[in-house]
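# Residue-level structural notes
Listed here are the chains, written in short residue letters.
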Amino acid sequence: MPELTCTARRLGDYESRTEEYELTFAAGNAEPRSLRIKYQAARAFEINAALDQSAEIARAVLEDAYPPDHAGRPTEEALAQLAWKTLQSAKYEEGAPQQRVLEL
């Protein structure tokens, strides 16, 4: 079954109000893609922008990994939720990578 893996690692000052992460998306035989995001938790527009960027990268990895008819087409919301849940799991891990998988 096709799947998309998201790995998050928190960067920077763990006590800061500004949160910074490295997200990596991988699927099938496609080259994994990473992005760095940075936001203040009190600024919803920054969080939403980061999640939109994450969904774009995840979609690009899926398009590289699977033919359109092979993999399910997850919604932008499902991709953003994958990124958000992975980020949240890495929030207090002080740099240790955390991983979640979305089955397609």
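This report concerns the structure included in the present document. (Residues numbered from 1 in each chain as written. Predicted model: local features only at pLDDT ≥ 70, side-chain atom pairs only at ≥ 80, totals over all residues. Heavy atoms only, no water.)

### So, the overall build of the protein chain
As a reminder, the rule being used: In this description a helix means any DSSP run of H or I spanning at least four residues, a strand means any run of E spanning at least two, and both kinds are numbered starting from the N terminus. Between the two quantities, the radius of gyration covers C-alpha atoms and the globule rule is 2.2 Å times the number of residues to the power 0.38. Any residue under 20% of the maximum accessible area for its type is buried, any over 50% is exposed, and the rest in between are partly exposed; the area is computed with a 1.4 Å probe on protein chains only. Any two residues whose heavy atoms approach within 4.5 Å are treated as being in contact. Using a 1.4 Å probe, accessible areas were evaluated by the Shrake-Rupley method; residue-level cover was limited to the displayed protein chains. For the purpose of charge, His is not counted, nor are the chain termini; Lys and Arg are scored as positive and Asp and Glu as negative. Just so you know, the charge point we use is NZ for Lys, CZ for Arg, CG for Asp and CD for Glu.
In terms of regular secondary structure, the protein chain is built from 2 helices and 4 strands. The N-to-C order of helical and strand elements in the protein chain reads β-β-β-α-α-β. Relative to its length of 104 residues, the protein chain is compact, with a C-alpha radius of gyration of 13 Å against a globular reference of 13 Å. Projected onto its principal axes, the C-alpha positions of the protein chain cover 45 × 25 × 20 Å. Expressed as a percentage of the 104 residues in the protein chain, the buried residues total 39%. For the protein chain, restricting intrachain contacts to residue pairs at least 6 apart in sequence, the fraction spanning at least 24 positions comes to 53%. For the protein chain, the accessible area works out to roughly 6,100 Å², and carbon and sulfur atoms hold 45% of it. The centroid of the 12 positive side-chain charges in the protein chain is displaced by 5 Å from the centroid of its 18 negative side-chain charges.

### Structural notes on a negative patch on the surface
Our working rule: Each patch is built from residues that are more than 30% exposed by relative accessible area and take part in no salt bridge. Like charges join if they lie within 9 Å; nonpolar side chains (Val, Leu, Ile, Met, Phe, Trp, Tyr) join within 5 Å. Between Lys or Arg on one side and Asp or Glu on the other, a salt bridge is scored when a side-chain nitrogen of the former is within 4 Å of a carboxyl oxygen of the latter.
Residues Asp13, Glu15, Glu93 and Glu94 make up a contiguous surface patch of negative charge. Here Asp13 shows up in the loop between β1 (3–11) and β2 (18–26).

### Notes on the packing of helix α1 (residues 44–65) against helix α2 (residues 76–90)
We apply this condition: A fitted line through C-alpha atoms represents every axis, and for helices the fit uses only the stretch in contact; the resulting angles, taken between N-to-C directions, go from 0 to 180 degrees. Roughly parallel means an angle under 35 degrees; roughly antiparallel, over 145; roughly perpendicular, 65 to 115; everything else is oblique. By convention, the crossing between two helices is left-handed when the near helix turns anticlockwise from the far helix through less than a right angle, and right-handed when the turn is clockwise.
For the pair α1 and α2, the least separation of the axes is 8 Å and the interaxial angle reads 110°. If you check the angle between α1 and α2, you find them roughly perpendicular. Between α1 and α2 the crossing geometry is right-handed. Taken together, the residues of α2 that come into contact with α1 (itself represented by Ile47, Leu51, Ser54, Ala55, Ala58, Arg59 and Leu62) are Glu76, Leu79, Ala80, Ala83, Trp84 and Leu87.

### Details of the environment of Asn48
The topology assignment puts Asn48 in helix α1. Taking the C-alpha atoms as reference, Asn48 lies 8.9 Å from Ala80; in sequence the two are 32 residues apart.

### Notes on α2
For clarity, the cut-off: To estimate the expected span of a helix, subtract one from its residue number and multiply by 1.5 Å. Directions drawn from the helix axis to the C-beta atoms are what define this arc.
Over its 15 residues, α2 runs 21 Å from end to end, which matches the ideal 21 Å to within 8%, given 1.5 Å per residue. Of the positions making up α2, those classed as buried are Leu79, Ala80, Leu82, Ala83, Thr86, Leu87 and Ala90. Viewed along the axis of α2, the buried residues span an arc of 155°, placing them on a single side of the element. Buried-residue contacts for α2 involve β1, β2, β3 (33–40), α1 and β4 (98–103).

### Section: the sheet that holds β2
What counts here: In this description, strands pair whenever DSSP reports at least two bridges between them.
With respect to topology, 4 strands assemble into an open sheet ordered β3-β2-β1-β4, the strand pairing being antiparallel. Of all strands in the sheet, those with a lone pairing partner are β3 and β4, marking the two edges. For this sheet, the mean inter-axis angle between neighbouring strands, taken without regard to orientation, is 25°. The sheet contact formed by β1 and β2 spans 7 bridges and is antiparallel.

### What about the pairing of β1?
Pairing between β1 and β4: 6 bridges, direction antiparallel. Counterpart to Thr5 in the pairing with β4 is Val101. What sits between β1 and β2 in their antiparallel hairpin is a turn of 6 residues, with Gly12 showing a positive phi close to 75°.

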